[in-house]
Structure formats: structure tokens, C-alpha cells
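In case you want the letters, here they are:
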Amino acid sequence: EEGRKHPTIRGLRIGKEQPERKKSEPFDADTEWDKDGQYFHYHTRWIHALLQAADYLESKELIKYAAELSLAGRHFLQKTEGRLHLYWKMSVTLSYPQVLSMGAHDSLDGYLAALECEMMSSNEYDFTDYLKSLEKICDGKSWQTVDPLGLGGLFLNTVRSSKLDNKILPKSVKPQALLKDALRGLAQFEKLIKPTSSAKFRLAFRECGLSLGLRVIDSYRETLVESGLDINGLDKSLSLAGDIEDFWTQRKNRDYSSYRDHLNINHVSLASSLLARVEPAFFSTPLFASNSKSTSM
């Protein structure tokens, strides 16, 4: 009965078909992807979804679920030789790590999610120590990447960060820093991408993550400029979003095994990018979504 009241307090399992690796079993990178557990990256995505739903439905209960899920992220923290980091993947019960490495942007996603939970829950939960730990991991970080999914996430987080109180944000999490690293990474990515390359060698969900981020940040152009951000560097790259969407909306490109093998996440990512053309508020910070709620639902 207590568990029904707090369904997220110990996190949410991934739901893979194969059982998780036991603590006594050796790590195997080739099979770990197919095994159950808890990913920190999914953890932050679910928090964001819960906060969006809470805002749209005006549900305090969903805010509670999001806040308790966020605080479960403390189990991913580890201190090694005096340095804090986040495990990439934990066991279903959060009792031992499955993958020791840390996702490139996990600490950033975790920090913004925890800060949003703290604010939306009206400080009902104590996030002080957790936020301090995440801030230490974020300190001095460069978020630059050529991974399209990571770049899309940086653009989304730039918008999220710009909606928060700039005075309380650490330097490395301020929107100016995120945008700077995102634009640098995007310039490098555009030198590497080959628009005419076969779908056989491409991953739709990673590319559509970038087109989604580009759609959202472009739609918040005025807000970002008012916050003092220079986004002129985006203009020459915005057509990339359309190129990605046009490529993956062609049926012939979705017939490759590279698309079918990740069918669900590819479908959702492509649909999200297309939706962001007309409803970008669905993908920005929920703290302010209530000011521009859609009437089309």
C-alpha cells in the first residue's frame, strides 16, 4: 500500500526483456544493452515527462512522483578518490552499479531536472545535498559533442536553463555556456555528416534528437535574445532539421534494419521532431509551459 503511494521513490526500471546482470556475473558490453536495470539518462527523461504532465494536468501528485524519482538519482552517485561521478546504469533495486562509466551529459540533465523538481514542489523536498553534488560534477565541464542526440539535448537544455534563475545557476550550466558548446559541436558535426549517405549507416533517433533540439531552440528565439543570448550562429544550420526530417519520413529509408531494429524510439523521435514544428512548448521547461498551453489537445 505504501508502494502504491510512492511508485517512483526507488526509481523506474528500464523494462528490458533479459534480466539484469547479477552482481557476481562479469560485465559483458555486448550483452549489457539487452539487460534490465535503471539508466540515469532514462531517469531524467521520465522526470521531465512527469513534470510536463503535472503542469498540463495541474497535478500535485505527479509533481510528487517526479520529485521522488529525482531524489532516487542519489543512488547513482559515487565518490572515487575524492571525485564525484554518476554511474551510467544501476541494478533494478539501485543496490549496485551495472555500468561504471558516466554519460557525457547525465550530470547536466540531472541537475536541471532536480532544480525544476525543487521549484515545482515549492521546496517541499530537500534537494540541497543532491544539487550540490551534481553541481560539483558539472563544475568546469565542457559539454561539446559531435553526437547529434547529445547536441539536440544541449539545445533543449539551453532553453530550459534560460527559463531558470540565472543567478543561482553554476557557470557551466548557464544558458550561455550550453549554447556556446552546442554551436561549436554542431559546426563539427556538420563537417562529418553526409546527407546523401545510406540509412543503413545512420540512426534515426539520434539524428531526430538533433532536429528536435533545433526546432525548439529556434521557436524560443525571442525569449533567448531577451535573456542576452546570441543565437545568430544557428541561422545557417536550421535547414539541417528539415533535411533530417525529410530523410526519415521517406518510407524507403525506414525499411532498413537500422531503423526497424530500434522501431519504437525511432518512430517517437521522428514524431517528436515533427510535432515540435507546431508545438515546441511540449519540449521546453514545464515551469513556464502553463503560460502557453496548447488548446489543440
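For the structure itself, consult the block above.
Everything in this summary refers to the structure shown in the same document. Everything numeric in this text was worked out from a predicted model, so none of it was measured.

Criteria and cut-off values
Residues numbered from 1 in each chain as written. Predicted model: local features only at pLDDT ≥ 70, side-chain atom pairs only at ≥ 80, totals over all residues. Heavy atoms only, no water. Helix = DSSP H or I, 4+ residues; strand = E, 2+ residues; numbered from the N terminus. Expected span 1.5 Å × (residues − 1). Buried < 20%, exposed > 50% of the residue type's maximum accessible area, 1.4 Å probe, protein only. Contact = heavy atoms within 4.5 Å. 1 Å grid on protein atoms, 1.4 Å probe; cavity = no way out; pocket = protein on both sides within 12 Å on 5 of 7 lines; lining within 4 Å. Points joined across faces, edges and corners; volume = space filled by probe spheres on them. Nonpolar A, V, L, I, M, F, W, Y, C, P; charged D, E, K, R; others polar. Core = buried A, V, L, I, M, F, W, Y, C linked by side-chain atoms within 4.5 Å. Axes fitted to C-alpha atoms, helices over the stretch in contact; angles between N-to-C directions. Parallel < 35°, antiparallel > 145°, perpendicular 65-115°, else oblique. Left-handed = near helix turned anticlockwise from the far one by under 90°.

1. A word on helix α4 (residues 60–72)
Inference 1: With 13 residues, α4 extends 19 Å between its outermost C-alpha atoms, agreeing within 8% with the 18 Å of an ideal straight helix rising 1.5 Å per residue.
Inference 2: Extensive coverage of α4 is indicated by the burial of ten of its 13 residues.
Inference 3: In this structure, the buried residues of α4 make contact with α1 (2–5), α3 (40–57), α5 (106–120) and α6 (128–138).

2. Things to note about the environment of D181
Inference 1: Structurally, D181 is set in helix α8 (residues 175–192).
Inference 2: Residue classification places D181 among the buried positions, given a relative accessible area of 9%.
Inference 3: D181 sits 30 residues away from S211 along the chain, and the two C-alpha atoms are 17 Å apart.
Inference 4: With residues near it in sequence (within four places) discarded, D181 still touches K141, S142, W143, Q144 and L154.

3. Topic: the layout of surface pockets
Inference 1: Quantified by volume, the largest pocket comes out at close to 1,800 Å³.
Inference 2: Lining the largest pocket are 44 residues, and of these H41, Y42, R45, L149 and I265 lie nearest its centre.
Inference 3: A breakdown of the residues in the lining of the largest pocket according to their chemical character gives 20 nonpolar, 16 polar and eight charged.

4. Side note on the nonpolar core
Inference 1: One finds Y111, F127, F155, L210, L214 and W248 to be the most contacted residues of the largest nonpolar core, which totals 73 residues.
Inference 2: Breaking this core down by element, the ones donating at least two residues are α3, α4, α5, α6, α7 (148–162), α8, α9 (204–219) and α11 (239–249).
Inference 3: Once residues within four sequence positions are removed from consideration, F155 is found in contact with L179, A182, L183, L186, L210, G213, L214, I217 and L234.

5. Describing the packing of α9 against helix α14 (residues 263–275)
Inference 1: In the contact formed by α9 and α14, the axes pass within 8 Å of each other and the chain directions differ by 20°. The pairing of α9 with α14 is recorded here as roughly parallel in orientation. The element α9 and its partner α14 pack so that their crossing is left-handed. The residues of α14 that touch α9, namely those facing A204, F205, C208, S211, L212 and R215, are I265, N266, S269, L270, S272 and S273.
Inference 2: When grouped by side-chain class, the residues that make up the contact of α9 with α14 number six nonpolar, five polar and one charged.

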